[in-house]
Structure formats: C-alpha cells, structure tokens
Amino acid sequence: MGCSHNCDSCSGGCGEPQSLQVAANQYSSINKVIGVVSGKGGVGKSLVTSMLAVAMNRKGYHAAILDADITGPSIPKAFGVTGQLEASEEGILPKTSETGIDMVSINFLLAHPDDPVIYRGPIIAETVKQFWSDVVWQDVDYMFVDMPPGTGDVPLTVFQSLPVDGILVVTSPQDLVSMIVGKAVKMAKMMDIPLLGVIENYSYLECPDCGKKINVFGQSRIDEVAAEYGLPVLARLPIDPRLSEAVDAGNIEGVKLPDTLGGVVSGLEALRG
C-alpha cells in the first residue's frame, strides 16, 4: 500500500523527518520526561510508576505523574487523591498529593471514579496530548508518564508528541518475558527513544521468618533477556503485601519502598546531569 502522508498515525520512517511534538503549556517547566512502559498488563507498571515518583520526591526533587492509561487509570487510587481538576487563566491545574507530587488523570474528569472511559483511539490520543499541553506543570524535575501496556495508540502518541528523555521497561519473571520486553524495546528503537533499562517487578517473595527469597513465578530470565537487547537490569522488586495494602489505602507515600529501587533512582539522577 502507498503512503497516505498522514504521519500522525504512522511509526514508519519514510519520507522527510518531521517533528510531531506538541508544545507544553507556556507556563510549564519540566526537566526530564520518563516513560514507564510494559509489553503486557499485570506486571505492576503503575505501582512502579508511583513508587518512582515517591522515591524521587523523597530525594528532594519535584516529581509529577501524567497518567496516560486513559481507559485504566490507577494513579489517583494509589495516592488517595480525589476530586475534579480546576483551571486558572494559565491553564488546567494538576492535582497535588499529600507530599507534593503533581498528577493528572482521566479520573479527575469523571463524575465517579468507577465510571468507564469509552473512548476511541483518536480521542484517547488527543486526551494524552491535552494532559501535556493544557496543564500547567510548574518546576517539575521528573515527570513520569504511566502508559497502558502494549504498543498501541497511547505509546505511539507519547513517543511522537512528548519530549521523552528515556523509558523504563517493566516486566515480571515469566516465560513470556523475552517477547514482552522485545516488543517494547523494538518500538522504542523504531521511535528513536532512549532505553534506560529494565525493572523486574514481582521478582521474589522474601520469607518474613527466615529471609529466604522465594521465586514465586519461577526462575528469572531477566539477565539473559536484558543482555539480548543490550539493556541494564536496574532493579528487581519483591512481592510485598505492604505495598498492595498501601495502594488499596491510597497511601503509597507512607510506605517503605524496596531498597532495590535505589539503582533506578541513581540512574535517574545521573540522567539529570
């Protein structure tokens, strides 16, 4: 089939390169934009996004989250943030968590948090763009973009429309890990987006009595897979019931984060220069 010349819906590299980036709100100031992606659902990507924002916030940086998972938003629940977005003359104002993390999510536009979001692809893509262009993101050191799983409309929109400084690939220790990581990695390379590394979530369960690490999902292959794509393994995060309880209670900011998250934090600090 021939080229339709509609580059907005295409990830191909034909023709003259042209920027499809959307300008941020004129009153916004954002230093680094980090995409958090996964090849499939159920790997705890939104949990990892939330923990990273909390970790950077505790280090003294101003963190923010753009919840780009339009049809399955979960960021507000993790932080216990509710209510509707408000606007000023400058633009839409993000909601702010108890410890000062700014965030925008489709849930802040719904009458009820459990209302379904029944949007087609183009509307979803436009919503993501507006979260970037219409919201006043002030003095943000690190913005984390929580994306839905897969390689569909939203990741394509984010990679084309936002100045993404790098992505983190979240996965779990299962047999499908190679294919899952591969899809996300190949898409990022096609879009010329820097890959920062891989985070393995649900890596193990630590026995509370003896401290032994139990491989609940079997032996991890993350080192092998990461080496295949030339990526560093930035963290192996444990299964921790306290984290689940904190998310359910809307208190992710009040829980002790896994020590193994430190490697990711150091990498993000290095990215800042």
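This section reports on the structure supplied with the text. (Residues numbered from 1 in each chain as written. Predicted model: local features only at pLDDT ≥ 70, side-chain atom pairs only at ≥ 80, totals over all residues. Heavy atoms only, no water.)

Another aspect to go through is the packing of helix H3 (residues 121–133) against helix H4 (residues 153–161). It is the contact of H3 with H4, at a shortest axis distance of 9 Å, that shows an interaxial angle of 40 degrees. As the angle between them shows, H3 and H4 are arranged oblique. Between H3 and H4 lies a crossing of right-handed hand. Of the residues in H4, those in contact with Gly121, Ile124, Ala125, Val128 and Lys129 of H3 are Asp153, Val154, Thr157, Val158 and Ser161. Taken together, the residues that form the contact of H3 with H4 break down as 5 nonpolar, 3 polar and 2 charged. (Axes fitted to C-alpha atoms, helices over the stretch in contact; angles between N-to-C directions. Helix = DSSP H or I, 4+ residues; strand = E, 2+ residues; numbered from the N terminus. Parallel < 35°, antiparallel > 145°, perpendicular 65-115°, else oblique. Left-handed = near helix turned anticlockwise from the far one by under 90°. Contact = heavy atoms within 4.5 Å. Nonpolar A, V, L, I, M, F, W, Y, C, P; charged D, E, K, R; others polar.)

Before going further, it helps to examine unusual backbone geometry. Backbone geometry at Asp139 places phi at a positive 50 degrees, although glycine is not the residue there. Judged by relative accessible area, which is 56%, Asp139 ranks as exposed. (Buried < 20%, exposed > 50% of the residue type's maximum accessible area, 1.4 Å probe, protein only.)

The next point concerns the side chain of Lys95. You can see Lys95 is positioned in strand S5 (residues 95–96). Within the buried set, Lys95 has no salt-bridge partner at all; the shortest N-O distance to an opposite charge, 5.7 Å, is to Glu86. Looking at Lys95, its side chain comes within polar contact range of the main-chain oxygen of Gln84, at 3.5 Å. Setting aside anything within four residues of it in sequence, one finds Lys95 in contact with Val81, Thr82, Gly83, Gln84, Leu85, Ile101, Asp102, Met103 and Phe108. (Lys, Arg positive; Asp, Glu negative; His and termini not counted. Salt bridge = Lys/Arg side-chain N within 4 Å of Asp/Glu carboxyl O. Polar contact = N/O pair within 3.5 Å; in protein donor to acceptor, adjacent residues only side chain to side chain.)

Taken as a whole, this structure holds 8 salt bridges when the rule is applied. Notably, a salt bridge pairs Arg221 with Glu224, separated by 3.0 Å at the nearest N-O pair. Owing to a relative accessible area of 30%, Arg221 belongs among the partly exposed residues under this scheme. The closest approach of N and O atoms between Arg236 and Asp223, which form a salt bridge, is 2.5 Å. Here Arg236, found in strand S12 (residues 233–236), pairs with Asp223, found in helix H6 (residues 222–228); they are 13 residues apart in sequence, far enough to count as distant. What makes Asp223 partly exposed here is its relative accessible area of 49%.

Turning our eyes to something else, we now look at helix H8 (residues 262–272). It helps to recall that an α-helix has 3.6 residues per turn; residues three or four apart then point in one direction. Of all the residues in H8, the buried ones are Val264, Val265 and Leu268. Around the axis of H8, the buried residues are gathered within 100 degrees of arc, so they sit on the same side. Against strand S1 (30–37), helix H1 (45–58), strand S7 (140–146), strand S8 (166–171), strand S9 (195–200) and S12 lie the buried residues of H8. (Arc of directions from axis to C-beta.)

This paragraph deals with the sheet that holds S9. Strand order across the open sheet formed by 8 strands is S5-S6-S2-S7-S1-S8-S9-S12, with mixed pairing between neighbours. What marks the edges here is a single partner per strand, and that holds for S5 and S12. Of the pairings in the sheet, the one linking strand S2 (residues 63–67) to strand S6 (residues 102–104) comprises 3 bridges and is parallel in character. The residue bridging Leu66 from the neighbouring strand is Val104, located in S6. H1 rests against S1, S2, S7, S8 and S9 of the sheet, and its axis sits at about 175 degrees to S7. (Pairing = 2+ DSSP bridges.)

Once that is clear, we can look at the pairing of S8. Extensive coverage of S8 is indicated by the burial of 6 of its 6 residues. The alternating pattern of S8 places Gly166, Leu168 and Val170 on one face and Ile167, Val169 and Thr171 on the opposite face, and all of these are buried. Of the strand pairs in this sheet, S8 and S9 are connected by 5 bridges, and their pairing is parallel. Looking across to S9, one finds that Val169 is bridged to Val198.

What follows is about the packing of aromatic side chains. For the coordinates displayed, the defined rule picks out 2 aromatic pairs. The interplanar angle of 85 degrees and the centroid separation of 5.3 Å between the aromatic rings of Tyr61 and Tyr142 together place this pair among those described as edge-to-face. With a gap of 81 residues between them, Tyr61 in the loop between H1 and S2 and Tyr142 in strand S7 connect regions that are remote in the sequence. Residue Tyr61 shares its accessibility class with Tyr142, and that shared class is buried. Between the aromatic rings of Tyr202 and Phe217, the centroid separation amounts to 6.5 Å while the plane-to-plane angle is 50 degrees, which identifies the pairing as tilted. Residue Tyr202 is located in the loop between S9 and strand S10 (205–206), and its partner Phe217 is located in the loop between strand S11 (213–214) and H6; the two are separated by 15 residues in the primary sequence. (Phe/Tyr/Trp six-rings, centres within 6.5 Å; stacked < 30°, edge-to-face > 60°.)

Moving on: the packing of H1 against H8. It is the contact of H1 with H8, at a shortest axis distance of 10 Å, that shows an interaxial angle of 65 degrees. Put simply, H1 runs roughly perpendicular to H8. The way H1 lies across H8 gives a crossing that is right-handed. Across the interface between the two elements, Leu52, Ala55 and Met56 from H1 touch Val264, Val265, Leu268 and Glu269 from H8. For the contact of H1 with H8, the residue count by class is 6 nonpolar, no polar and 1 charged.

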